[in-house]
Amino acid sequence: MRKRLSLLLVPLLAAATVVSVGAPAAASPAKPFPARIALPNGFTPEGLTIGRGTTVYVGSVLDGAVWRGDLRTGRGSVLIPGTPGTAKAGMKLDRQGRLWTADFSGGGASVYDPGTGARLAHYQFTTDPNTLVNDLVITKRAIWFTDSARPVLYVVPLGPGNRLPASDAFRVLPLTGPGATPDAFNNGIVALPDGDLLVAQMLTGQLVRVDPRTGGSRLFDLGGYSVDRADGLVLRGRTLHVIRNLTNVVAVVRLNAGYTAGVVQRETTGPQLRSPATGDLLGSALYVVNGRFDVESTPSTDYDIVRLPA
């Protein structure tokens, strides 16, 4: 697993306050959120999502463990212990607060209680060993998953009242057009306001729009800019963050009114980015998780989450 991944992805001190007799005490300055949060050594992270308040969840692509932490304090612990032979990539929380995970080489997806870590449901999309269920996006009516090894999307429709459907209530949507380019490594996915889906192709350096009804696709116009090694996508309004792992770049793209094209406004890079895999937004900050895909994961390899200006 490690070899395959490496090939694909290469205080403030409180100020003393002088208080006059009878005068109200001045409020202490708020402690800033940490710019870096350490994950357990050897964790091998890939997916990240932010839940209620400042709670963050990170999944391991090595053994399927899930770490839960607090972006305000930087502290956390393993919520779901890892199991050898399993893996988790992308993850998201739905409107009911349930945690959905793309189970990578396991060929399926799982749903968990984010408080207890109990598994609520599992969907086995395929038993094909040549599959990588990589990322997901949650819409009002369904959850959509990319497969980096196959030109398809997996769709789990939500039942009435957003109830979880039966384990076999999913469908496979074949892709056509540029979304079906061989060896493109379809990866991150977001839902556009007009209803289409936007998918990152890590190895072609392109973004493609996908019609969720037909699976038909077309290229998204970036004006010649390549998003080589595009991994995670984060969308807020018309601002798209493209997290590019082995290039150690986060590209900020402004989308046009029709969501058919975008202009790169800036790139963020620096030593704090170490093969970033994906991220999520909280207020004016973008939190990204460093997958460190350019090194072999060992029990002593360090991993972290870093905070960037959004």
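Note that the structure is predicted; figures quoted are calculated from it, not measured.

1. Points about the overall build of the protein chain
No. 1: Within the protein chain, the regular secondary structure consists of 1 helix and 24 strands.
No. 2: The C-alpha radius of gyration computed for the protein chain amounts to 20 Å, which stays within 12% of the reference 19 Å derived for 310 residues, consistent with globular compactness.
No. 3: Along the first, second and third principal axes, the C-alpha atoms of the protein chain reach 75 × 45 × 45 Å.
No. 4: Here the protein chain holds 310 residues, and the buried ones make up 50% of them.
No. 5: Surface summary for the protein chain: the accessible area is close to 13700 Å², and the carbon and sulfur share equals 54%.
No. 6: Charged side chains of the protein chain number 31 positive and 23 negative; the gap between the two group centres comes to 7 Å.

2. So, the sheet that holds strand S6 (residues 91–93)
No. 1: Across the sheet, 4 strands lie side by side as S6-S7-S8-S9; this open sheet has antiparallel pairing. At either end of the open sheet lies a strand with only one pairing partner, and these are S6 and strand S9 (119–124). If you compare each strand with its neighbour and ignore which way they point, the axes differ by 15° on average.
No. 2: Where S6 and strand S7 (residues 99–102) come together, 3 bridges link them in antiparallel fashion. Bridging from a neighbouring strand, Leu93 pairs with Leu99 of S7.

3. Focus: the pairing of strand S5 (residues 76–80)
No. 1: Two elements, strand S4 (residues 66–70) and S5, share 4 bridges in a ladder whose sense is antiparallel. In the strand pairing of S5, Trp67 is matched with Val78.
No. 2: Counting the residues that bridge the hairpin from S4 to S5 gives 5 residues, and of these Gly74 lies at a positive phi of roughly 80°.

4. Description of the confidence of the model for the protein chain
No. 1: Here the protein chain averages 91 in pLDDT, and 91% of its residues register 70 or above.
No. 2: For the stretch residues 1–26, pLDDT sits under 50, and the model shows 35 contacts to residues farther than four places along the chain or on other chains.

5. What to know about the sheet that holds S4
No. 1: A sheet is described by the order of its strands in space; here 4 strands give the open sequence S2-S3-S4-S5, paired in antiparallel fashion. Each end of this open sheet is capped by a strand with a single partner; those strands are strand S2 (45–50) and S5. Each strand axis lies, on average, 25° off the axis of its neighbour in the sheet, ignoring direction.
No. 2: Of the strand pairs in this sheet, strand S3 (residues 55–60) and S4 are connected by 5 bridges, and their pairing is antiparallel. Counted as the bridge partner of Val56 is Gly69 from S4.

6. Looking at the packing of aromatic side chains
No. 1: Summed over the entire model, instances satisfying the criterion amount to 4 aromatic pairs.
No. 2: With a centroid separation of 5.1 Å and an interplanar angle of 75°, the aromatic rings of Phe125 and Phe170 are classed as edge-to-face. Taken together, the residues Phe125 in the loop between S9 and strand S10 (133–138) and Phe170 in the loop between strand S12 (152–157) and strand S13 (171–174) connect sequence positions 45 residues apart.
No. 3: On the accessibility criterion, Phe125 (8% relative accessible area) is buried.
No. 4: The class for Phe170 is partly exposed, based on a relative accessible area of 23%.
No. 5: Aromatic rings pair up to connect Phe125, Phe145, Tyr154 and Phe170 into one cluster.

7. With respect to the side chain of Ser148
No. 1: Tracing the backbone shows Ser148 in the loop between strand S11 (142–147) and S12.
No. 2: For Ser148, a relative accessible area of 8% gives the class buried.
No. 3: Separated by 2.6 Å, the side chain of Ser148 and the backbone oxygen of Asn186 make a polar contact.

8. Focus: the nonpolar core
No. 1: Core analysis: the biggest nonpolar cluster contains 18 residues, and Leu39, Leu48, Val56, Val58, Trp67, Val289 and Ile305 have the highest contact counts within it.
No. 2: Broken down by secondary-structure element, the contributors of at least two residues to this core are strand S1 (36–39), S2, S3, strand S23 (285–290) and strand S24 (303–309).
No. 3: Top contributing element to this core by residue count: S23, with 3 residues.
No. 4: Residues within four places of Ile305 in sequence aside, it is in contact with Ala35, Arg36, Ile37, Leu39, Leu48, Val56, Val58, Trp67, Tyr287, Val288 and Val289.
No. 5: In terms of nonpolar packing, the next biggest core, distinct from the first, is built from 16 residues, Leu222, Val227, Leu240 and Tyr259 among them.

Quick notes on the rules
By convention here, each chain's residues receive numbers from 1 onward along its written sequence. Two thresholds apply to this predicted model, a pLDDT of at least 70 for residue-level local features and 80 or more for giving and counting side-chain atom pairs, whereas whole-chain, interface and lining totals are computed over all residues. Water and hydrogen atoms were dropped before computing side-chain values, which therefore reflect all heavy atoms in the structure. Each helix is a run of H or I in the DSSP string that is no shorter than four residues. Each strand is a run of E no shorter than two, and both are numbered from the N terminus. Radius of gyration: over C-alpha atoms. The globule rule applied is 2.2 Å multiplied by the number of residues raised to the 0.38 power. The classification of residues rests on relative accessible area computed with a 1.4 Å probe and restricted to protein chains. Under 20% of the type maximum is buried, over 50% is exposed, and intermediate values are partly exposed. Only the protein chains shown count as cover for residues, with accessible areas throughout obtained via the Shrake-Rupley method and a probe of 1.4 Å. For this count, His and the chain ends are skipped, Lys and Arg are scored as positive, and Asp and Glu as negative. The location of each charge is read from NZ of Lys, CZ of Arg, CG of Asp or CD of Glu. Paired strands, in this sense, are two strands between which DSSP finds at least two bridges. With axes taken as lines fitted to C-alpha atoms, and helix axes fitted only over the stretch in contact, angles between N-to-C directions fall between 0 and 180 degrees. Values of pLDDT, ranging from 0 to 100, describe the predictor's confidence in every residue of the model. Note on contacts: a residue pair qualifies if any of its non-hydrogen atoms lie within 4.5 Å across the two residues. Two rings belonging to Phe, Tyr or Trp (six-membered ring only in the last case) form a pair when the distance between their centres is within 6.5 Å. Interplanar angles under 30 degrees mark stacking, angles over 60 mark edge-to-face geometry, and anything in between is tilted. Contacts described as polar in this section are N or O atom pairs within 3.5 Å, which, within protein, must combine one atom able to donate a hydrogen with one able to accept it, while residues neighboring in sequence count only if both atoms come from side chains. Take the buried residues of types Ala, Val, Leu, Ile, Met, Phe, Trp, Tyr and Cys, join any two whose side-chain atoms come within 4.5 Å, and each joined set is a nonpolar core.

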